[in-house]
Amino acid sequence: MWRSRVLVAALASMSLALGAAGSAHARVGLPPVVNHVPTQEKVVFITIDDGWNHDPEAARILLEKRVPVSLFLLPGATSYDTEYFTRLTGEGRASVENHTVNHPDLTTLDAAGKDAEVCGAGERLEAAFGRAPKLLRPPYGAVNDEVRLAAKACGVKALVTWTHDVTTWGETPPTPRLERGDIVLLHFTPTLAADLQRALDAAKAAGLKPAALMPHLKSAGVL
Ligand SMILES: [Zn+2]
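Definitions and limits used
Residues numbered from 1 in each chain as written. Predicted model: local features only at pLDDT ≥ 70, side-chain atom pairs only at ≥ 80, totals over all residues. Heavy atoms only, no water. Donors = N, O, S within 2.8 Å, 3.2 Å for Na, K, Ca; no water. Helix = DSSP H or I, 4+ residues; strand = E, 2+ residues; numbered from the N terminus. Salt bridge = Lys/Arg side-chain N within 4 Å of Asp/Glu carboxyl O. Buried < 20%, exposed > 50% of the residue type's maximum accessible area, 1.4 Å probe, protein only. Axes fitted to C-alpha atoms, helices over the stretch in contact; angles between N-to-C directions. Parallel < 35°, antiparallel > 145°, perpendicular 65-115°, else oblique. Contact = heavy atoms within 4.5 Å. Disulfide = S-S within 2.5 Å. Polar contact = N/O pair within 3.5 Å; in protein donor to acceptor, adjacent residues only side chain to side chain.

Moving on: the coordination of the zinc ion. The textbook angles at a metal center are 109.5 degrees for a tetrahedron of four donors and 90 or 180 degrees for an octahedron of six. Note on the zinc ion: its protein donors are Asp 50 (OD), His 99 (NE2) and His 103 (NE2). The metal-donor distances range over 2.0 to 2.2 Å. Donor residues binding the zinc ion come from one chain and are separated in sequence as D-x48-H-x3-H. Residue Asp 50 is found in strand E2 (residues 43-50), and its partner His 99 is found in the loop between strand E4 (94-98) and helix H5 (111-129); the two are separated by 49 residues along the sequence.

Spelled out as structure tokens, the structure:
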């Protein structure tokens, strides 16, 4: 048994060394980056980011329809009203995931900076919500192998970006035609309730149901 562990460790360090040289083998052992889940089931994944605006109407929709949803939250955005989110995880079907502490482009930070942002957010979210996040949404979707390595060291199983951003940023974007396994991005903005409703309507129109990410990442063989 010890031999295989040594071999795995050797391969991991070799792949990192090769990574510096740009080898395709650099990806060995690093958590995957996912913008779509390769599932055969008729599901889509609703994700909501940041957490600055705590709209009661959006919470009402999530709780009433019991929508499974992944919330990629900034600890600072939850700290002044943690209860808003504990209702969504307790009475609803939301899981809280990692989105860093200060929302930086992680690719611009050194190793210590990445560690502080990712591990720091994970620890604060675990203290507030009682569960260590397993997924990381890198701010701006900015990822490289160093970010994946830092995420792995903080217990992250997958880095999740998105297929469609349905957030109203000034203008409401066209509603996408959703396909199975798509990951929909929303934000805790003042338009969340309307944006969420459009996403739910688009899922229904495509014959798809919102589902929880983690179990489907496992059943689809991504994790
Ligand atoms: Zn964000």
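With that settled, consider the pattern of salt bridges. Considering all chains together, one arrives at 7 salt bridges under this definition. A salt bridge links Arg 148 to Asp 145, with the nearest nitrogen and oxygen atoms 3.0 Å apart. With a gap of 3 residues between them, Arg 148 and Asp 145 both fall in helix H6 (residues 145-153), about one helical turn apart. Two residues, Arg 198 and Asp 195, come together in a salt bridge whose shortest N-O distance is 2.7 Å. One end of the pair is Arg 198 and the other is Asp 195, both in helix H7 (residues 192-205) and 3 residues apart, which spans about a single turn. This pair shows no difference in class: Arg 198 is buried, exactly as Asp 195 is. Among the charged side chains, a salt-bridge network with shared partners connects Glu 57, Arg 60 and Glu 64.

This brings us to the packing of helix H2 (residues 56-64) against H7. One way to put it is that H2 packs onto H7 with a least axis distance of 8 Å and a crossing angle of 30°. When the interaxial angle is binned, H2 and H7 end up roughly parallel. Across from Glu 57, Ala 58, Ile 61 and Leu 62 in H2, the residues of H7 making contact are Leu 192, Ala 193, Leu 196, Gln 197 and Leu 200.

Once that is clear, we can look at the state of the cysteines. Scanning all chains against the criterion turns up 1 disulfide. Cys 119 shares a disulfide with Cys 154; S-S distance 2.0 Å. Across the disulfide from Cys 119 to Cys 154, rotation about the S-S bond amounts to roughly -95°, and the bridge is consequently left-handed. With Cys 119 in helix H5 and Cys 154 in the loop between H6 and strand E6 (158-160), this pair connects stretches of sequence that are 35 residues apart.

All right, on to the side chain of His 54 then. Mapped onto the fold, His 54 is located in the loop between E2 and H2. Residue classification places His 54 among the buried residues on the basis of a relative accessible area of 16%. A distance of 3.0 Å separates the side chain of His 54 from the backbone oxygen of Ala 77, its partner in a polar contact. Of the polar contacts made by the side chain of His 54, one reaches the side chain of Tyr 80; its length is 3.5 Å.

As for its placement among the helices and strands, Ala 111 is situated in helix H5. For the pair Ala 111 and Val 147, spaced 36 residues apart in the sequence, the C-alpha separation amounts to 8.5 Å.

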